[in-house]
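# A closer look at the structure
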Amino acid sequence: MIPATYEEARRVLREFIPRAGRLYAEERNFDRGPQNRKNVSLLSAALQRRILSEKEVLQAVSQVHSFDASEKFTQEIFWRSYWKSWLELRPSVWRDYQKSLKFSKTQDFPDLEKALFAKTGIECFDFWRKELQETGYLHNHARMWFASIWIFTLKLPWQLGAQLFEEELCDFDPASNTLSWRWVAGFHTSGKHYIARAENIQKFTEGRFNPEGQLVENPQSPSYLAPLQEPLRENFVPFRSSSLKTGLLIHSEDLSLESLDWGAFIPSGLGVFDSVKKRSSRVEKYHQTALQDALTRHEKYFALKPELISGTNFVEGVTAWSQKNSFQEIVLIKPWQGYLKEHWDKVDKALESRSVKCRYLRRHYDKELAGKAKSGFFSFKAELPLVWERVQSEPQKETLWEVVS
């Protein structure tokens, strides 16, 4: 159902492209159930891990559809970029979420167990809970309904719902997931929260569900406090290889480094950094398939055997890999706000104490959008026509930029 390898993702993309234009715009909001997903791409997990890059998908779509025809689909790709960029400018939101999640776990909520075990008596909600558990996926509209029912009807903390999605969605992304739940709850945009309504659910599930009389449909919007926006301390220079012995580190936020233009750079060794995070067995199986596919592809591309660095002590694992190979520097795609970055920040300090330099890179796609999510999505999406025009003329290999302070 959800492609976990590059070849599978390419096949799914090819099959979906004819439907990525006006048909997608007309059909995308319908949740017809797990057996009928032809109206959506199912590429979100591949994009989250960058098994496929945004540029590759946009280029493929632009060969078949005009910008106007495919705007709704390309906007969905852009939403993920917006959430990442927004959170990068407001890292306190991620830290606050972690703190409030810990607090929520100490509290008692009568309906939590019913929600987790699909025993709320709300047929649609219970169905989506089981679908999430069994497939690792939910239609985007169902995610919004589910979150709204969780928060406003069941009176459960949004943080616990966000954590459930963290563990059970194959396409879990720290920014997209956390900020989407905040948005539904009314903490992202002043005066706006998302309400699941029985009439809307009946319409867009085509009558599969109708929870009339079961939902709270008129909750009050919570008080809103705009988070502190911090300046983005990123400057960019073209990436150039050095004369130092360099290790190239691959991680789960970008599993297609062979799609980048490395120029004359030849790494002395390859490492794969796999930060441990609690995942359901279904998601873990997907993740390991994607990871093994990436190991095989990168070994072939760089003609080097990748070393898998995993476990609970990441500092020890990466420093041991670095020392064993006598690396003087390590190159990697810069992690975004989230669990991976939290783990890597500790590793960075340990490497610095051993005089091993870390060099951080961004794809050209990300470099062009850095720092631009200063307000709402609709101002951010003003960049989309420019990105669309640019990717059509760019070479297949994406340009790399080094992040400097």
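The following refers to the structure shown. Since the model is a prediction, treat every value here as computed from it, not as a measurement.

### Here's the deal with the overall build of the protein chain
When its secondary structure is counted, the protein chain shows 18 helices and seven strands. Against the compact-globule benchmark of 22 Å for 405 residues, the protein chain has a radius of gyration of 21 Å, which places it among compact chains. Structurally, the protein chain occupies a C-alpha span of about 70 × 50 × 40 Å along its principal axes. For the protein chain, buried positions account for 58% of its 405 residues. Across the protein chain, every contact between residues at least 6 apart in sequence was considered, and the portion connecting residues at least 24 apart equals 78%. On the protein chain, roughly 18200 Å² of surface is accessible, and the fraction owed to carbon and sulfur atoms is 50%. Once the 58 positive and 53 negative side-chain charges of the protein chain are each reduced to a mean point, those two points are 2 Å apart.

### Some points on the pairing of strand β2 (residues 246–251)
By the criterion of burial, β2 is predominantly enclosed, with six of the six residues buried. Taking every second residue as pointing to the same face, both faces of β2 are buried, with T246, L248 and I250 on one and G247, L249 and H251 on the other. Pairing of β2 with strand β5 (residues 329–333), which is carried by four bridges, proceeds in the parallel orientation. Following the sheet pairing, L249 is matched in β5 by L332.

### Some words on the nonpolar core
Formed by 103 residues in total, the largest nonpolar core has its most connected members in W128, I149, W150, W181, I201 and W262. Excluding residues that lie within four positions of it along the chain, W262 makes contacts with F239, L248, L257, Y301, F302, V331, L361 and L400. Counting 17 residues, the second largest nonpolar core, distinct from the first, contains L249, L332, Y360 and V403.

### Remarks on the pattern of salt bridges
Applying the stated criterion across every chain yields a total of 38 salt bridges. Ionic contacts of the salt-bridge type, sharing partners, join the residues R50, E54, D254, R363, D366 and E398 into one network.

### Details of the environment of E402
One can find E402 in strand β7 (residues 400–404). Using a relative accessible area of 9% as the deciding quantity, one classes E402 as buried. A C-alpha to C-alpha distance of 37 Å links E402 and W158, two positions 244 residues apart in sequence. Once residues lying within four places of it in the same chain are set aside, the contact partners of E402 are N235, F236, V237, P238, F239, R359, Y360 and L361. Among the polar contacts made by the side chain of E402, one reaches the side chain of R359 at a distance of 2.7 Å.

### A look at the layout of surface pockets
Space inside the second largest pocket adds up to approximately 730 Å³. By residue number, the principal contributor to the lining of the second largest pocket is helix α15 (residues 339–353), which donates five residues. Its residues assigned to classes, the lining of the second largest pocket comprises 10 nonpolar, three polar and 13 charged.

What counts and what doesn't
Residues numbered from 1 in each chain as written. Predicted model: local features only at pLDDT ≥ 70, side-chain atom pairs only at ≥ 80, totals over all residues. Heavy atoms only, no water. Helix = DSSP H or I, 4+ residues; strand = E, 2+ residues; numbered from the N terminus. Rg over C-alpha atoms; globule rule 2.2 N^0.38 Å. Buried < 20%, exposed > 50% of the residue type's maximum accessible area, 1.4 Å probe, protein only. Contact = heavy atoms within 4.5 Å. Areas by Shrake-Rupley, 256 points an atom, 1.4 Å probe, with all protein chains shown as cover. Lys, Arg positive; Asp, Glu negative; His and termini not counted. Charge placed at Lys NZ, Arg CZ, Asp CG, Glu CD. Pairing = 2+ DSSP bridges. Core = buried A, V, L, I, M, F, W, Y, C linked by side-chain atoms within 4.5 Å. Salt bridge = Lys/Arg side-chain N within 4 Å of Asp/Glu carboxyl O. Polar contact = N/O pair within 3.5 Å; in protein donor to acceptor, adjacent residues only side chain to side chain. 1 Å grid on protein atoms, 1.4 Å probe; cavity = no way out; pocket = protein on both sides within 12 Å on 5 of 7 lines; lining within 4 Å. Points joined across faces, edges and corners; volume = space filled by probe spheres on them. Nonpolar A, V, L, I, M, F, W, Y, C, P; charged D, E, K, R; others polar.

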